[in-house]
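So the chains spell out like this:
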Amino acid sequence: MNDYLDSINPKKSNDVIDSILEQAKELNTPIIQSDAINLLIQLIQTSKVQSVLEIGSAIAYSAIMMATFTNCKVFTIERDLDSYKRAIENIKKAKLEDRITIVHADALEYPMTEDYQFDLLFIDAAKAQYIKFFEKYEIFLKPNGIVVSDNLLFHGLVGHKELIESRNVKQLVRKIDGFNDYIINNPKYDTYIYNIGDGLSISIKK
Ligand SMILES: C[S@@+](CC[C@H](N)C(=O)[O-])C[C@H]1O[C@@H](n2cnc3c(N)ncnc32)[C@H](O)[C@@H]1O
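Residues numbered from 1 in each chain as written. Predicted model: local features only at pLDDT ≥ 70, side-chain atom pairs only at ≥ 80, totals over all residues.

Engineer: How should I be thinking about helix H5 (residues 81–93) in this particular structure?
Structural biologist: The periodicity of an α-helix, 3.6 residues per turn, causes residues three or four places apart in sequence to face the same way. Taking 1.5 Å as the rise per residue, H5 with 13 residues should run 18 Å; its terminal C-alpha atoms sit 18 Å apart, in good agreement. Buried residues of H5: Tyr84, Arg86, Ala87, Asn90 and Ile91, and no others. One face of H5 carries all of its buried residues, which in axial projection span an arc of 165°. Away from its buried face by more than 90 degrees, H5 exposes Leu81 and Asp82. Residues of H5 that are buried in the fold lie against helix H2 (15–27), helix H4 (61–69), strand E2 (73–78) and strand E3 (100–104). Phi for Lys95, located one or two positions after H5, is positive at around 55°. (Helix = DSSP H or I, 4+ residues; strand = E, 2+ residues; numbered from the N terminus. Expected span 1.5 Å × (residues − 1). Buried ≥ 20, exposed ≤ 12 C-beta atoms within 10 Å, placed from the backbone. Arc of directions from axis to C-beta. Contact = placed C-beta atoms within 7 Å.)

This is the structure we're talking about:
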């Protein structure tokens, strides 16, 4: 089925994006999957999102996709220095310096000021910290803002814990499960978790 969808769906790409995809493969950098980024782009378009706050830039693939295929501005935070440097180069290559702001910091320590207000918060960083990211950054969302979180099924393991052998992975999956429970039951948001990409949630602030 996925081969069929890959063959029929339009490819959102250009030379810079192709080179970033190659880089991600070479460096083994985890990036958002194709169906998930396409859904996110359509959500940005249909909800008229103008500003995105992303936690976890990696090499700026998702930030560049969002800025290339919509009119939004992206503010993105990355703690790994090598990834941050590659992200800066990629943003330059894509000529998106005026639409993407990247910060080198641990998002849990970054002193974001309340002058910033975003339409959409995209959480795609350390999986064990999602509740902390959510609680720290939801205050920067505009009324009716949207939170999107990736990797909530973690390679299918969240729904199949019996397959996990490693203690560390078990612990991580338990944390992700805890976040899923937290957002689904958060009365301030309408949330649905989709079997798209590695598991993507959309939470709309009530
Ligand atoms: C899955 S990758 C991000 C992929 C990117 N959003 C994309 O789809 O192109 C996760 C990134 O989050 C970063 N990260 C993890 N914890 C972080 C934190 N506390 N603050 C900032 N970045 C963090 C990691 O260094 C890694 O590069």
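There's plenty left to go through after this.
Engineer: How should I be thinking about the nonpolar core in this particular structure?
Structural biologist: One broad trend across soluble globular proteins is that nonpolar side chains are buried collectively. Val52, Ala60, Ile64, Met66, Leu120 and Ile123 are the most contacted members of the largest nonpolar core, which has 53 residues in total. A total of six residues in this core trace back to one element, the largest contributor, which is H4. Those residues in contact with Val52, other than ones at most four positions away along the chain, are Met66, Cys72, Val74, Phe118, Leu120 and Phe122. (Core = buried A, V, L, I, M, F, W, Y, C linked by C-beta atoms within 7 Å.)

Engineer: Where do I start with H2 in this structure?
Structural biologist: Relative to the 18 Å expected for 13 residues at 1.5 Å per residue, H2 spans 18 Å between its end C-alpha atoms, a close match to the ideal helical length. In the segment just after H2, Asn28 is the residue with positive phi, at about 60°.

Engineer: What should I look at first to understand the sheet that holds strand E6 (residues 189–194) in this one?
Structural biologist: Backbone-to-backbone hydrogen bonds join strands into a sheet, with any given pair of strands oriented parallel or antiparallel. Taken together, seven strands build an open sheet; the order of strands is E3-E2-E1-E4-E5-E7-E6 and the sheet is mixed. Of all the strands in the sheet, just E3 and E6 have a single pairing partner and so form its edges. When the angles between neighbouring strand axes are averaged without regard to direction, this sheet yields 15°. One ladder, built from five bridges, connects strand E1 (residues 51–55) with E2; its direction is parallel. Following the sheet pairing, Leu53 is matched in E2 by Phe75. Sheet contacts for helix H6 (residues 130–137): E1, strand E4 (118–123) and strand E5 (141–149); angle to E4, the most-contacted strand, approximately 165°. (Pairing = 2+ DSSP bridges. Axes fitted to C-alpha atoms, helices over the stretch in contact; angles between N-to-C directions.)

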